[in-house]
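Analysis of the macromolecular model
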Amino acid sequence: MSERIAFIGGGNMASAIIGGLIKQGVAPKNISVLEPSPEARQLLDRNFGIAAQAQADAELTGAGLVIWAVKPQAFKEAAMVVAPFVPHALHLSVAAGIRSDSIAAWLGTERVVRAMPNTPALVGKGISGLFARAGVSEADRSSVQQVMATTGESLWFNAEDKLDVVTALSGSGPAYVFYFMEAMTMAGTEMGLSHEESHQLAVATFVGASDLAQASVDSPQVLRQRVTSKGGTTFAAISSMEDNDVRALFIDAMYAARERAKTLGDEFGVD
C-alpha cells in the first residue's frame, strides 16, 4: 500500500481504517482526508498526525485509492466536487445503501468497490461484505482486500443486492448485540446486582459465547441446545422467549433493516 490514499469523510469508520493502515505501516503523509467538520479534523490531527482538508483541492490528485466514508445523503454532493480531482483512482465506498451504479455515474468510472463494514472495525474485529463492479481488476480487489483486512474479516459477494442483507445482518448487527446487552444488564440490576456487576457479566457472556461459536465446529443451534437442559433455568428463559415470538420479531427487525438499506439507495442514488 505504497500509493496515496484519500478519504472523503473522516468520521468513526474512516478513523478505524486509518488507524489500521497506520498500524500496518502506511505513513500518515501518504493519507489525505477531506472532512468539513473542524472537530473531526482536530481529532485526526491529534490521533494520527493527519492535517485534514476542509475542501477538495489538487492535493487529492495523487490518490490511487479513494475511500468514501460519507453519509448516504451527502454522497452525491461530495462526489460532484471530488470527481474532477480523481479521474484515474480506484474508489471504495463504505457508505450504507448507495449503490455502485450511482457511484460510478457520479464519478465517471467503473473502478468502484462497495463495502459494508461494521463498528467492531474500530477495534480490528469487524467484518465487511464486499462487491466489485466489472471494471475492477484483480489487482484492485487485492488492494481493497489489503485495506479492509486492517479492520477485520471480509467476504466478497457476486451480487450487489446481497449487500443489503449484509447491512441487515452484520452492518446493523452490533446494535442488536448491544440491545441485548442493555436488556441483560437492566434485568440483572432489577434482580439485585449492581449496574457494574450486571454490565460486566453481560459483556463477558457475549464475548465468551462468540469465541466459543467461532472455535466450535457445531452450529449455534447445537451449542444452545447443550446449555438448555429440559426443565432447567435456561429452558425456562428460552421457553419464555419462544412463547413471546422473540425469534420471529428479531427476524422481522432484520427484514426492516434490509428494506431501509434498499430505500437509502432509492432516496439518495440515481435511477
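Now for a quick tour of the structure. For clarity, every value in this text was computed on a predicted model and none was experimentally measured.

Digging into the nonpolar core
Core analysis: the biggest nonpolar cluster contains 30 residues, and F7, I18, V33, I67, L92 and V147 have the highest contact counts within it. At six residues, helix α1 (residues 12-23) tops the list of elements feeding residues into this core. Excluding residues that lie within four positions of it along the chain, I67 makes contacts with I5, A6, F7, I8, I17, L92 and V147. Judged by nonpolar contacts, the second largest core, of 23 residues, contains L60, V86, W106 and L107.

Focus: α1
Over its 12 residues, α1 extends 16 Å from the first C-alpha to the last, a length consistent with the 16 Å expected when each residue adds 1.5 Å. On its buried face, α1 sits against β1 (4-8), β2 (31-34), α2 (38-48), β3 (63-68) and α5 (138-148). Positive phi appears at G25, one or two residues downstream of α1, with a value of about 105°.

Some words on the environment of M186
Structurally, M186 is set in helix α7 (residues 173-190). We classify M186 as exposed; its relative accessible area is 52%. Spatially, the C-alpha atom of M186 lies 8.6 Å from that of H199, the residues being 13 residues apart in sequence.

Thoughts on the sheet that holds strand β5 (residues 112-116)
One open sheet accounts for seven strands, arranged β2-β1-β3-β4-β5-β6-β7; its pairing is mixed. On the outer flanks of this sheet lie β2 and β7 (152-156), each paired with one strand and no other. Recorded for the sheet is a direction-independent mean angle of 25° between the axes of neighbouring strands. In the sheet, β1 pairs with β2 via four bridges, with the strands oriented parallel. Of the residues in β2, the one forming a bridge with I5 is I31. Running over the sheet, α1 touches β1, β2 and β3 and is turned about 165° from β1. Against the sheet, helix α4 (residues 100-107) contacts β3, β4 (90-93), β5 and β6 (126-132), and its axis sits at roughly 140° relative to β5.

Quick notes on the pattern of salt bridges
Summed over the entire model, instances satisfying the criterion amount to 12 salt bridges. Residue E259 pairs with R258 through a salt bridge whose shortest N-O separation is 3.3 Å. Exposure remark for R258: the relative accessible area of 24% places this residue in the partly exposed category. As a salt-bridge pair, K262 and E259 come within 3.6 Å of each other at their nearest N and O atoms. Residue K262 and its partner E259 are located together in helix α11 (residues 246-268), separated by three residues, close to a single helical turn. A residue is classified by how much of its surface remains accessible, and K262, at 29% relative accessible area, is partly exposed. Since its relative accessible area comes to 36%, E259 is described here as partly exposed. Through salt bridges with shared partners, a single ionic network connects D101, E110 and R133.

Rules of the game
- Residues numbered from 1 in each chain as written.
- Predicted model: local features only at pLDDT ≥ 70, side-chain atom pairs only at ≥ 80, totals over all residues.
- Heavy atoms only, no water.
- Core = buried A, V, L, I, M, F, W, Y, C linked by side-chain atoms within 4.5 Å.
- Buried < 20%, exposed > 50% of the residue type's maximum accessible area, 1.4 Å probe, protein only.
- Helix = DSSP H or I, 4+ residues; strand = E, 2+ residues; numbered from the N terminus.
- Contact = heavy atoms within 4.5 Å.
- Expected span 1.5 Å × (residues − 1).
- Pairing = 2+ DSSP bridges.
- Axes fitted to C-alpha atoms, helices over the stretch in contact; angles between N-to-C directions.
- Salt bridge = Lys/Arg side-chain N within 4 Å of Asp/Glu carboxyl O.

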